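Next come the chains, spelled out residue by residue.
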Amino acid sequence: MLSYLVRRLLVAIPTLLGVTFIVFSIVRVLPGDPAQAMAGVHATQEYIERVRKELGLDLPMHVQYARFLGGLLRGDLGRSLRTGLPVGEEVWTRFIPTLELTAASLFLTLILGITVGILSATKPYSLYDHASMFLSLAGLSMPVFWLGLMLMLLFSVRLGWFPAAGRGGLRHLVLPSVTLAASSVALVARFTRSTLLEVLRQEYITTARAKGVRESRAIFVHALRNALIPIVTIVGLRFGALLSGAVLTETVFAWPGVGRLVVDSVSARDYPVIQGAVLVIAACFVFINIAVDLLYGVINPRIRYD
Amino acid sequence: MGTLRRLIRHRLALFGALVVLIFAVFAIFAPYIAPHDPYRFSLAKKLQPPSSLHPLGTDELGRDLLSRIIYGTRVSLMMALISVAIGLVVGVPIGALSGFYGGVFDLLVQRGVDILLAFPGILLAIVVVAILGPGLWNAMLAVGISFIPTYVRVVRGSVLELREKEFVEAARALGTGSLAIIGRHILPNCLAPIIVLSTLQLASAILWASGLGFLGLGAQPPTPEWGTMLGRSQVYIRAAPHVAIFPGLAIALAVLGFNLLGDGLRDALDPRLKGRF
C-alpha cells in the first residue's frame, strides 16, 4: 500500500509539471504582445514595460519557466495586477469558502444520492422508483447556474427562507450547496440503483434470503457492502465535477470562492491571479483522484496495490 | 435494421430524438417561427410579463423573449455542433494513432491527456478563453479543445481492443499499410462508441457553452445566446423572473433531449458501452 502510494505520487509529478507548464503558458501565448495584452488596451507604455519587467517577459523562455517554478516552490505566485496583493494570499483566502462549499455538496451527494438510490432499488419499477429516476434525469440535464437562479427565486425571493447571496452561517450555505450537489446526487442515485439491483441478483443474496435473513438485512448488510465499492468510486470521481460546478455556482450566489475568483480575474485580465487560482484547483483535483484510488483499498481489501 | 428497431422501441430515446428534432426545426426555420425580430428593442416595453403579444414576455431592453430563445436555438446548436466537431476531428486521429502504434508516442499522448484532464470540467475551457479572450467563436473553440482528451481516451481504448483482432492481422498479412488498416478496418469498427460519445458531448457542449455565456465569457450581447441571456437576467430576477426562467428551460430541455438520445443510442448500438459512458 505504501509503495503504491509512493508510486502514484511519483506518476503525479509529470502531470503536475505539465499543469504548471500550461498555467505558465497562459500568459506567454497571449495573442500579440503579452505584456500589452495583460496591461490592457489603454495602458501607458511605461505601465506595459513595468508589467513586462515584473513578469520577466523579457527573459528567454526557459529562464522564465525556471523562475516560475522556483517561485512556485517558495509559494511565490507573483502579485495581482488588480490589487497588488500577493497571488498566494488572494487565492488562499478564497480557497476555504470553496472547500466549504464542495465539502457540503459532497456530503449531500453521499447521503441523498445513496439513500434515494437504495430506496429505488428496493422497490424497482414502483411509482417512487419512476418518480425519483425521472427527477434525477432532470437534475442531470439542468444547467447548474439556472438551477441556482430558480432555487434563489423560490426560496429567497419568494419565500424568504434563505439568503440569496454571500457567505455567512449555515443558512447561507444551503442554497449554493444544494445547487452544486444536484447533478451529483442525481448521478449517484442512478448509479447506486443500478449497482444495487445487479448485486441483489447475485446468488449469495438468494442464499441469504433462503436462510431466512430479513430483507432489510439482506440489502443493507449483504448487498450494500459489495455495492459500495463502485459507488464510492463514482462519488470520488464527482469531485472534479463539483470543482467545475463551483465556478458557476459561486458566481450565481456571489460566494467568495476560488471559482468566482477565476471568473472575475478572467474578466479583469488579471493573469497572475488566473494562474494561481487555476493551478490550485488543478493540483487539488490531481491529489483528490489519488486519494480516491487509495480509498478503494480501504473499502475493498481484495484490491491489492502491486 | 436491428439497431433502428431497438432505438424505436426505447421510448425515452425516442422522446429525446423528438426533442432534438424540434430544436433543429426551430434553429433552421427561426425567421419563420419567431413572432418578432429578436434584436428589435423598445425600452417602453421592457421586462413585461408574458402576454398574448409576447408569449414569454420581454427582456430588459423590451425585446421579445420567445423570439430570442428561438433564435438562440441557432446559436446554441451551432456552438455545440462545431465544438463537438473540433473534439472529433482532433481527438479521433490522435486516439487512433496512439492506440494503434503504442510505444513512446502513445506514452506521450497519454501523459498529455492526463495533464489536460487535470483541469476539471469547464475550467479547461475557461483557461482557453482566458488566453483567447471572451466571445462566441473563442468559447466554441474552448469547449471543442476541452473535448479532445475524452475523444482521445475513448478511441484509443477501442483501438487497443481492435488491433489484436484477427481481421486486422488478416489485413496486415495481405500487405495493407498501417494507415489503411486504421482507416479502412479499425475506425469503422469504432463508430458505435464515437457516435454515442458525440451525442452525449453535444449535451455537454450546450451546458458548457451556455455556462461560459452565463459567466460573460462566451457569446456577447446582443447575440441571443441562452446562457448570456441568463447572465443578464440575474439583475432583474425580483422584478421579472420570467427572463430567468425561460432561457434556462430551453437549455435544460435541449440537454435532456441529447442525453436521452445518447443513452438510447448506447443501448441500441452497443449495450457493452454502458459502463464506459
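For clarity, every value in this text was computed on a predicted model and none was experimentally measured. (Residues numbered from 1 in each chain as written. Chains lettered and ligands numbered in written order. Predicted model: local features only at pLDDT ≥ 70, side-chain atom pairs only at ≥ 80, totals over all residues. Heavy atoms only, no water.)

1. What to know about helix 11 (residues 258–268) of chain A
Working step 1: Buried within helix 11 of chain A we find Val258, Gly259, Leu261, Val262, Val263, Ser265 and Val266 of chain A.
Working step 2: Buried-residue contacts for helix 11 of chain A involve helix 5 (87–122), helix 10 (215–252) and helix 12 (271–299) of chain A together with helix 6 (122–132) of chain B.
Working step 3: In the stretch just after helix 11 of chain A, Arg269 of chain A is the one whose phi turns positive, near 55 degrees. (Buried < 20%, exposed > 50% of the residue type's maximum accessible area, 1.4 Å probe, protein only. Helix = DSSP H or I, 4+ residues; strand = E, 2+ residues; numbered from the N terminus. Contact = heavy atoms within 4.5 Å.)

2. So, the packing of helix 1 (residues 2–28) of chain A against helix 4 (residues 61–73) of chain A
Residues and elements named next belong to chain A.
Working step 1: Contact geometry for helix 1 and helix 4: axes closest at 11 Å, N-to-C directions at 120 degrees. Relative to helix 4, the element helix 1 is oriented oblique. In terms of crossing hand, the pair formed by helix 1 and helix 4 is right-handed. Contact residues: helix 1 offers Leu17, Thr20, Phe21, Val23, Phe24 and Arg28, while helix 4 offers Met61, Gln64, Tyr65, Phe68, Leu69 and Leu72.
Working step 2: Of the residues belonging to the contact of helix 1 with helix 4, the class tally is 9 nonpolar, 2 polar and 1 charged. (Axes fitted to C-alpha atoms, helices over the stretch in contact; angles between N-to-C directions. Parallel < 35°, antiparallel > 145°, perpendicular 65-115°, else oblique. Left-handed = near helix turned anticlockwise from the far one by under 90°. Nonpolar A, V, L, I, M, F, W, Y, C, P; charged D, E, K, R; others polar.)

3. A short note on the nonpolar core
Working step 1: The biggest cluster of nonpolar side chains holds 131 residues, and the ones touching the most others in it are Val262 of chain A together with Phe119, Ile126, Ile206, Leu212 and Trp226 of chain B.
Working step 2: Sort the elements by how many residues they give to this core and helix 12 of chain A lands first, with 13 residues.
Working step 3: In this structure, this core is formed jointly by two domains, domain 1 (11–73) and domain 2 (94–299) of chain A, each of which donates at least three residues.
Working step 4: Beyond its immediate sequence surroundings of up to four residues, Phe119 of chain B is in contact with Val19, Ile22, Val23, Val278 and Ala282 of chain A together with Leu124 and Val127 of chain B. (Core = buried A, V, L, I, M, F, W, Y, C linked by side-chain atoms within 4.5 Å. Domains from an automatic or database assignment.)

4. A look at the side chain of Ser198 of chain B
All names here are of chain B.
Working step 1: With respect to the helices and strands, the residue Ser198 is situated in helix 10 (residues 191–214).
Working step 2: Judged by its relative accessible area of 13%, Ser198 falls in the buried class.
Working step 3: Of the polar contacts made by the side chain of Ser198, one reaches the side chain of Tyr151; its length is 2.8 Å.
Working step 4: Ignoring sequence-local partners within four residues, the contact set of Ser198 consists of Val84, Leu88 and Tyr151. (Polar contact = N/O pair within 3.5 Å; in protein donor to acceptor, adjacent residues only side chain to side chain.)

5. Remarks on the domain arrangement of chain A
Interface size is often expressed as the accessible area that is lost when the parts come together.
Residues and elements named next belong to chain A.
Working step 1: Looking at chain A, the domain boundaries give domain 1 (11–73) and domain 2 (94–299).
Working step 2: Using C-alpha coordinates to define each centre, domain 1 is positioned 36 Å away from domain 2.
Working step 3: Taken residue by residue, the interface counts 15 residues in domain 1 and 10 residues in domain 2.
Working step 4: Roughly 1100 Å² is buried in total at the junction of domain 1 and domain 2, and carbon and sulfur atoms are behind 82% of that figure. (Buried area = accessible area lost by both parts, 1.4 Å probe.)

6. A word on unusual backbone geometry
Working step 1: Between Pro221 of chain B and the following residue, Pro222 of chain B, the backbone shows a cis peptide bond with an omega angle of 10 degrees.
Working step 2: Locating Pro222 of chain B in the fold gives a position in the loop between helix 10 and helix 11 (226–233).
Working step 3: Phi angles above zero are rare outside glycine, and Tyr125 of chain A is one such case at about 65 degrees.
Working step 4: For Tyr125 of chain A, the position within the fold is in the loop between helix 5 and helix 6 (127–141).
Working step 5: Residues other than glycine seldom take positive phi values, yet Leu47 of chain B does so here, at roughly 55 degrees.

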